Amino acid sequence: MPSHLFADRPAPQPPERGTVDALITQTRRLRGGVDAVRRDALVDDDDAQGRWQRALCDLAVHQLDDLGSHLDQLREGLTAEEEDAAALAVENAFSPGQPPTALLSRVGSAEWNLLTDAVSWSEELFEIFGRAPESGGMSLDELPTMVVADDQALLTSMVTGALVDGRPIDGEFRIVRADGQVRSLHMMGEPVLDADGCTASMWAVLRDVSELRRSQRAERESRDSLRHQRHIAQTEHRLAVELQEAVLPPWRGSMRLPQGGPGALDIAAHYLPSSSSALIGGDWYDALELPDGASLLTVGDLTGHGVTATGAMAMLLGALRGMAVAGIGPAALMGHLNQLLETTVQPALGSAVCCRYEPARRRLSWSQAGHPAPLLFRDGTGQALGAPDGVLLGARHGASYGQAEFTLRAGDLLVLHTDGLTRQGAPDAAHRRRLLALAPLFDGGRTAQDCVRMIVEEFGEHERTDDACVLVARIGS
């Protein structure tokens, strides 16, 4: 069978932005051109060369239709980088990286003469079937012996429809070659009638579509896997959000602890989500009135994201509340939390600060575990409280934690925060300086909620690499 002419083309270059759209346009134009050639072609049924060319036009139209639908899928939801990569892959798929015979080796032709029982196979078809040319082409009766059992009825139906009813052949079946390879073949053909209108022969063009079907299966499996992963991620995110909302304090805006009496705290807090991750972290904040009239103030952070982190946070915060209500002081409480984190099924590290405030004496007792110290704002200036000793929770077996005490004054402002507060993950000292620089503004804030709003505006609601919590408490007169 004569070979087609292949125009020389330069090697494909990296595509410009929007190349997928350009390829879609080019594919549609090319499809229209091939279709026009196919319609305009005048083919004599006795002209084997003409039939071959018409069949190749039909195959080209099918390929271009497939290519157009695939490019449409590629365009949906791609980033610019993904679009460039996809377009380059398409360009490479149609580039002359291999000799022209590499394409023709996947397309072969055959003709079966029903009057003389002569069989004519092209060299390419012998290669597709893995048969030596000297063995001769297979007759229509022999052909099913190489076909997969599940596809034999389909092939028989197509051939019978062509020979008996004069219907064109257009279908796909699989063969098992002598070397054990299973190949998928797309067959197109028509019967050739004699002068009396009887079927004299049948011709067909067979295309090896094994690699195409393998690529389609891989694309389908990867797409299904991606959808499954997205579903899991969405479900995990929803569960993490629901768990976090169930665990963190239900109050919004400002609250007072205790409800009455001198030295009461005006408290407000805020959770700031991460902008770079869809998963919820293990940050927490809490304020709780204790049975003896004191108040618990705490913020903390566990490593990790998702349901695992929020689940561990829920466990830790529940234990913290229970021990605080039982009257356990901050230092001992940190030791118990460290022990609890050591025994969890999925080990994690955490940082925390825990404060106990006694309103009658305005005394603050507090401990920390590898966490930024509370910031004290007084008379228009701010400073970090001197931190007692304390390592990260879960970092050392049997770790002991120090406890510090500080006497507050009416009008003082305490700021507790986790370390994900900054936009770019700056060192603790950097965002501590930024927080301390807000001291003059805090003086003008009437409530703790006003001060929280100032912090959120300063550090940006949606510009952090990690989630964060901030809690503000103003000491009343």
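Residues numbered from 1 in each chain as written. Predicted model: local features only at pLDDT ≥ 70, side-chain atom pairs only at ≥ 80, totals over all residues. Heavy atoms only, no water.

Enquirer: Give me the side chain of Asp-208: which residues, what numbers.
Expert: Locating Asp-208 in the fold gives a position in strand S5 (residues 199-208). There is a polar contact of 3.0 Å between the side chain of Asp-208 and the side chain of Arg-183. Looking at Asp-208, its side chain comes within polar contact range of the side chain of Ser-210, at 2.6 Å. With sequence-adjacent residues up to four places away left out, Asp-208 is seen in contact with Arg-106, Ile-128, Arg-183, Ser-184 and Leu-185. (Helix = DSSP H or I, 4+ residues; strand = E, 2+ residues; numbered from the N terminus. Polar contact = N/O pair within 3.5 Å; in protein donor to acceptor, adjacent residues only side chain to side chain. Contact = heavy atoms within 4.5 Å.)

Enquirer: Which residues make up the sheet that holds strand S8 (residues 284-289), and what values go with them?
Expert: The 5 strands lie next to each other as S8-S9-S10-S11-S14, forming an open sheet whose pairing is antiparallel. Each having just a single partner strand, S8 and strand S14 (404-407) make up the two edges of the open sheet. Each neighbouring strand pair of the sheet contributes to a mean axis angle of 15°, computed without reference to strand direction. As paired elements, strand S9 (residues 295-302) and strand S10 (residues 350-358) share 8 bridges and run antiparallel to each other. Counted as the bridge partner of Leu-297 is Cys-355 from S10. Taken strand by strand, helix H8 (residues 307-325) contacts S8 and S9, and its axis lies near 20° from that of S8. (Pairing = 2+ DSSP bridges. Axes fitted to C-alpha atoms, helices over the stretch in contact; angles between N-to-C directions.)

Enquirer: Can you tell me about the environment of Gly-350, naming the residues and giving the values?
Expert: Tracing the backbone through its elements, the reader meets Gly-350 in strand S10. Judged by relative accessible area, which is 2%, Gly-350 ranks as buried. (Buried < 20%, exposed > 50% of the residue type's maximum accessible area, 1.4 Å probe, protein only.)

Enquirer: Account for helix H1 (residues 19-40), with residues named and values stated.
Expert: The terminal C-alpha atoms of H1 lie 31 Å apart, and with 22 residues this matches the ideal 32 Å at 1.5 Å per residue to within 8%. Those residues of H1 that fall on the buried side of the exposure criterion are Thr-19, Val-20, Leu-23, Ile-24, Thr-27, Val-34 and Asp-35. End-on, the buried residues of H1 take up no more than an arc of 140°, which puts them together on one face. Seen from the buried face of H1, the exposed residues on the opposite side, beyond 90 degrees, are Arg-28, Arg-29, Arg-39 and Asp-40. (Expected span 1.5 Å × (residues − 1). Arc of directions from axis to C-beta.)

Enquirer: Give me the lowdown on the sheet that holds strand S16 (residues 468-475), citing residues and values where you can.
Expert: What the 6 strands build is an open sheet, ordered S6-S7-S16-S15-S12-S13; its pairing is antiparallel. Both outer strands of the open sheet, strand S6 (255-257) and strand S13 (381-384), are each paired with one neighbouring strand and no more. On average, each strand axis in the sheet is inclined to that of its neighbour by 25°, with strand direction left out of account. Strand direction decides the pairing type here: strand S15 (residues 413-417) and S16, joined by 5 bridges, are antiparallel. Considered in S16, the bridge of Val-415 is made with Val-472. Most of the contacts of helix H12 (residues 448-459) go to strand S7 (residues 265-272), to which it runs at about 25°, and overall it touches S7, S15 and S16.

Enquirer: Got a sec to walk through helix H9 (residues 330-342)? Specific residues and values, please.
Expert: Helix length check: H9, at 13 residues, gives a terminal C-alpha distance of 18 Å against a target of 18 Å (1.5 Å per residue), a fit within 8%. Every buried residue of H9 is listed here: Pro-330, Ala-331, Leu-333, Met-334, Leu-337, Asn-338 and Leu-341. Buried residues along H9 cover an arc of 160° about the axis, so they all sit on one side. Against S9, H8, S10 and strand S11 (363-369) lie the buried residues of H9.

Enquirer: Could you give me a rundown of the packing of H8 against H9, with the residues and numbers involved?
Expert: Contact geometry of H8 with H9 gives a least axis separation of 10 Å together with a crossing angle of 150°. Judged by the sense of rotation from one axis to the other, the crossing of H8 with H9 is right-handed. Where H8 abuts H9, its residues Met-315, Leu-316, Ala-319, Leu-320, Met-323 and Ala-324 lie against Leu-333, His-336, Leu-337, Leu-340 and Leu-341. Split by residue class, the contact of H8 with H9 holds 10 nonpolar, 1 polar and no charged. (Left-handed = near helix turned anticlockwise from the far one by under 90°. Nonpolar A, V, L, I, M, F, W, Y, C, P; charged D, E, K, R; others polar.)

Enquirer: Give a description of empty space enclosed by the protein that names residues and reports values.
Expert: Per the stated rule, a full pass over the model turns up 1 cavity of 30 Å³ or more. Along the walls of the largest cavity sit Leu-290, Leu-296, Ala-324, Ile-328, Gly-329, Pro-330, Leu-333, Cys-354, Cys-355 and Arg-356, which together make up its complete lining. Put simply, the parts of the chain that give the lining of the largest cavity at least two residues each are H9 and S10. A per-class count over the lining of the largest cavity returns 8 nonpolar, 1 polar and 1 charged. (1 Å grid on protein atoms, 1.4 Å probe; cavity = no way out; pocket = protein on both sides within 12 Å on 5 of 7 lines; lining within 4 Å. Points joined across faces, edges and corners; volume = space filled by probe spheres on them.)

Enquirer: Outline the pattern of salt bridges, supporting the account with residue identities and numerical values.
Expert: Inspection of the entire model under this criterion finds 14 salt bridges. Residue Arg-321 pairs with Asp-286 through a salt bridge whose shortest N-O separation is 2.5 Å. On the criterion of sequence distance, the pair formed by Arg-321 in helix H8 and Asp-286 in strand S8 is long-range, its members being 35 residues apart. Owing to a relative accessible area of 24%, Arg-321 belongs among the partly exposed residues under this scheme. Here Arg-453 makes a salt bridge to Asp-450, at a shortest N to O gap of 3.0 Å. (Salt bridge = Lys/Arg side-chain N within 4 Å of Asp/Glu carboxyl O.)

Enquirer: So what's going on with the nonpolar core? Residues and values would help.
Expert: Counting 52 residues, the largest nonpolar core has Ile-267, Trp-284, Leu-297, Leu-393 and Leu-471 as the members making the most contacts within it. In terms of residues, this core owes the most to one element, H8, which gives 7 residues. One finds Trp-121, Leu-140, Val-147 and Ala-162 within the second-largest nonpolar core, a separate group that totals 24 residues. (Core = buried A, V, L, I, M, F, W, Y, C linked by side-chain atoms within 4.5 Å.)

Enquirer: Run through the packing of aromatic side chains, naming residues and quoting values.
Expert: A full pass over the atoms with the stated rule returns 3 aromatic pairs. Aromatic side chains Trp-121 and Phe-126 sit 5.3 Å apart centroid to centroid with 55° between the ring planes, which places their arrangement in the tilted category. Taken as a pair, Trp-121 and Phe-126 share a single burial class, namely buried. Seen in terms of ring centroids, Trp-121 and Phe-129 are 4.9 Å apart; in terms of plane orientation they differ by 45°. Their pairing is tilted. Relative accessible area serves as the criterion here: at 1%, Phe-129 is assigned to the buried category. Taken together through their ring pairs, the aromatic side chains of Trp-121, Phe-126 and Phe-129 make up a single cluster. (Phe/Tyr/Trp six-rings, centres within 6.5 Å; stacked < 30°, edge-to-face > 60°.)

Enquirer: Describe in detail the packing of helix H7 (residues 210-247) against H8, supporting the description with residues and values.
Expert: Between H7 and H8, the shortest axis-to-axis distance is 9 Å and the interhelical angle comes to 15°. Regarding the angle of H7 to H8, the classification is roughly parallel. The interaxial crossing formed by H7 with H8 has left-handed handedness. In contact with Glu-236, Leu-239, Ala-240, Leu-243, Gln-244 and Val-247 of H7, H8 contributes Val-307, Thr-310, Gly-311, Met-313, Ala-314, Leu-317 and Arg-321. (Parallel < 35°, antiparallel > 145°, perpendicular 65-115°, else oblique.)

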